[in-house]
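# Observations on the three-dimensional arrangement
Residues per chain, in single letters:
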Amino acid sequence: MISVISTVESVPGVTGIPVPSRYQRIRKVLTRDLLVTLALGQVLSLLICAISLTSKYLADDFHANTPTFQSFLNYILLFLVYTTTLAVRQGEGNLLAILKERWWKYMILGLIDIEANYLILKAYQYTTLSSVQLLDCFVIPVVLLLSWFFLLVRYKAVHFVGAGLCLLGIGCMVGADVLLGRQQGLGEQKLFGDLLVLGGATLYGISNVCEEFIVKSWSRVEFLGMMGLFGSFFSGIQLAIMEHKELLKVPWDWQIGLLYVSFSAFMFGLYSFMPVVMKRTSAASVNLSLLTADLYSLFCGLFLFHYKFSGLYLLSFFIIILGLVFYSSSSTYVAQDPRVYKQFRNTSSQPASDPSPLSPGVLEPSVTYTPLSPEPGDGLPVRVA
């Protein structure tokens, strides 16, 4: 009898849940998917750093101010690789089939992408480097708002905390520039230059959100092929109108040729690799990762251009990385908007035998979101049908 009572009393001690250790809590946050995501974002930042360095050498050492020509070379490479790939495809993914269905959309997107690159590069002639670095962060709220309203992405508090930390890190970097007196590129029309940066950041945000939608809805090759087609066409026209005289002033030699080739290679790598990362993550996550590109450029400048060092640079880098960890540690989700999807039913909650409200043969549109790093408490991916 006593033994029975002691057996019953010992049950709560056996079934108790142990408290996870600090190491287990860290492993829960720093998952393999999160670390891979952070690493991919830093690869993009290093590519942008290489692009910035080659542009600086062209502009400062050889006085080659040709932003449209530099973009034109990249679009030509995209055309030769990806547009040609679409041209030899068969079926619905063929170049002619895509142009027949969505040509005007890609034409507008191509113009937006061209002018975003042009405005940012042009702004360096009118405003300070610090202003460009700070105002270029305007792309973050643009991407968050567009993703909220058009991609129906919903965020948690941790995402806003992470984005805020990343912007705080950029603020530390700009503060270090001001304290060290690195006010390069100051012109007489600083306000005009600042407006160019804001305009370019807005266009970048629109382009990135459209890119996320395209690579997740159709394919990476389709996006890059259309950018190569319309980008090379319209940038070629802009080059002939606005920069033909600048090209004649360039003192051509093998060094300048090598810099142009290097710039085109880095730009082509950035355009080719960014859709891969964006399909895995999101436009907002990619742009937050790119904030470290300016820091990599500054670290390279310590050795190449003898910049002065400040401890705020290291602090800025760690704050941005911490913000990226916060943002990527929790998944976003796609919410159903009745104003958009009210004419469609949720097929997962209805019997399979129910007739479709659409015409025969027409598939109901659906949006499926795969989180960055699945959490143990999260349910299945949200499907809006």
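Residues numbered from 1 in each chain as written. Predicted model: local features only at pLDDT ≥ 70, side-chain atom pairs only at ≥ 80, totals over all residues. Heavy atoms only, no water.

### Considerations on the overall build of the chain
A count of helices and strands for the chain gives 17 helices and four strands. Burial status across the chain gives 45% buried among its 385 residues. Contacts spanning at least 24 positions in sequence make up 86% of the contacts within the chain whose residues lie at least 6 apart. When the accessible surface of the chain is split by element, carbon and sulfur atoms take 69% of a total near 20,200 Å². (Helix = DSSP H or I, 4+ residues; strand = E, 2+ residues; numbered from the N terminus. Buried < 20%, exposed > 50% of the residue type's maximum accessible area, 1.4 Å probe, protein only. Contact = heavy atoms within 4.5 Å. Areas by Shrake-Rupley, 256 points an atom, 1.4 Å probe, with all protein chains shown as cover.)

### A word on the packing of helix H4 (residues 32-61) against helix H15 (residues 293-304)
Geometry of a packed helix pair, given as the angle between the helix axes and the separation of the axes. One can describe the packing of H4 onto H15 by two numbers: an axis separation of 8 Å at closest approach and a directional angle of 50°. Put simply, H4 runs oblique to H15. Considering the relative orientation of H4 and H15, their crossing is right-handed. Contacts between H4 and H15 involve Gln 42, Ser 45, Leu 46, Ile 48, Cys 49, Ser 52, Leu 53 and Tyr 57 from the first element and Ala 293, Tyr 296, Ser 297, Cys 300 and Leu 304 from the second. In terms of residue class, the contact of H4 with H15 is made up of nine nonpolar, four polar and no charged. (Axes fitted to C-alpha atoms, helices over the stretch in contact; angles between N-to-C directions. Parallel < 35°, antiparallel > 145°, perpendicular 65-115°, else oblique. Left-handed = near helix turned anticlockwise from the far one by under 90°. Nonpolar A, V, L, I, M, F, W, Y, C, P; charged D, E, K, R; others polar.)

### Focus: the environment of Lys 216
Assignment of secondary structure puts Lys 216 in helix H10 (residues 190-217). A sequence separation of 66 residues divides Lys 216 from Ser 282, and the C-alpha atoms of the two residues are 9.7 Å apart. Polar side-chain contacts of Lys 216 include one of 2.9 Å to the backbone oxygen of Thr 281. (Polar contact = N/O pair within 3.5 Å; in protein donor to acceptor, adjacent residues only side chain to side chain.)

### Things to note about unusual backbone geometry
Despite not being glycine, His 63 shows a phi value in the positive range, around 55°. For His 63, a relative accessible area of 60% puts it in the exposed group.

### A closer look at the packing of aromatic side chains
By the definition in use, this model includes 13 aromatic pairs. Ring centres 6.2 Å apart and planes at 80° place the aromatic pair Tyr 75 and Tyr 271 in the edge-to-face group. Here Tyr 271 lies in helix H13 (residues 254-280) and Tyr 75 lies in helix H5 (residues 67-87), a separation of 196 residues in the sequence. Cluster of aromatic residues (ring-pair linked, three or more members): Tyr 296, Phe 299, Phe 317 and Phe 318. Between Arg 154 and the ring centre of Trp 148, over which it is positioned, the NZ or CZ distance is 4.1 Å. (Phe/Tyr/Trp six-rings, centres within 6.5 Å; stacked < 30°, edge-to-face > 60°. Lys NZ or Arg CZ within 6 Å of the ring centre and 35° of its normal.)

### With respect to the side chain of Ser 264
Note that Ser 264 resides in helix H13. Filtering out sequence-adjacent residues up to four positions away, Ser 264 remains in contact with Leu 73, Asn 74 and Leu 77.

### Quick look at the confidence of the model for the chain
Low-confidence regions, as indicated by low pLDDT, have predicted coordinates that should not be scrutinised in detail. Scored by pLDDT, the chain has a mean of 79; 78% of the residues are at 70 or more. Low confidence marks residues 1-14, where pLDDT is under 50. Its contacts with residues over four positions away, or in another chain, come to zero contacts. In the model, residues 338-385 has pLDDT below 50 throughout and makes 66 contacts with residues more than four positions away in sequence or in other chains. (pLDDT = per-residue confidence, 0-100.)

### Some words on the nonpolar core
Core analysis: the largest hydrophobic core is formed by 68 residues, its most contacted members being Leu 78 and Leu 288. Excluding its chain neighbours within four sequence positions, the residues that come into contact with Leu 288 are Ile 140, Ala 163, Cys 166, Ile 320, Leu 324 and Tyr 327. Leu 58, Phe 62, Phe 69 and Leu 259 belong to the second largest nonpolar core, which has eleven residues in total. (Core = buried A, V, L, I, M, F, W, Y, C linked by side-chain atoms within 4.5 Å.)

### Digging into a nonpolar patch on the surface
Residues Leu 145, Trp 148, Phe 149 and Phe 150 make up a contiguous nonpolar surface patch of about 470 Å² in total accessible area. Its location among the elements puts Trp 148 in helix H8 (residues 139-150). Classification of Trp 148 as partly exposed rests on a relative accessible area of 31%. (Patch = residues over 30% accessible without salt bridge, like charges linked within 9 Å, V, L, I, M, F, W, Y side chains within 5 Å. Salt bridge = Lys/Arg side-chain N within 4 Å of Asp/Glu carboxyl O.)

### Here we look at the pattern of salt bridges
Taken as a whole, this structure holds four salt bridges when the rule is applied. Here Arg 280 and Asp 33 are joined by a salt bridge, their closest N and O atoms 3.5 Å apart. Residue Arg 280 is located in helix H13, and its partner Asp 33 is located in helix H4; the two are separated by 247 residues in the primary sequence. Classification of Asp 33 as partly exposed rests on a relative accessible area of 28%. Lys 216 is the partner of Glu 212 in a salt bridge, and the nearest nitrogen-oxygen pair spans 3.1 Å. Of this pair, Glu 212 and Lys 216 both sit in helix H10, four residues apart, which is roughly one turn of that helix. Among the residues examined, Lys 216 registers a relative accessible area of 35% and is labelled partly exposed. By sharing partners, the salt bridges in this structure join Glu 101, Arg 102 and Glu 222 into a single network.

### Some details on the environment of Trp 148
Placed 187 residues apart in sequence, Trp 148 and Ala 335 show a C-alpha to C-alpha distance of 9.3 Å. Setting aside residues no more than four positions away along its own chain, Trp 148 makes contact with Val 153, Arg 154 and Tyr 155.

### Focus on the state of the cysteines
Under the criterion given, the structure shown has zero disulfides. Of all cysteine sulfurs, the one in Cys 300 lies closest to Cys 49, which takes part in no disulfide; the gap is 3.8 Å. (Disulfide = S-S within 2.5 Å.)

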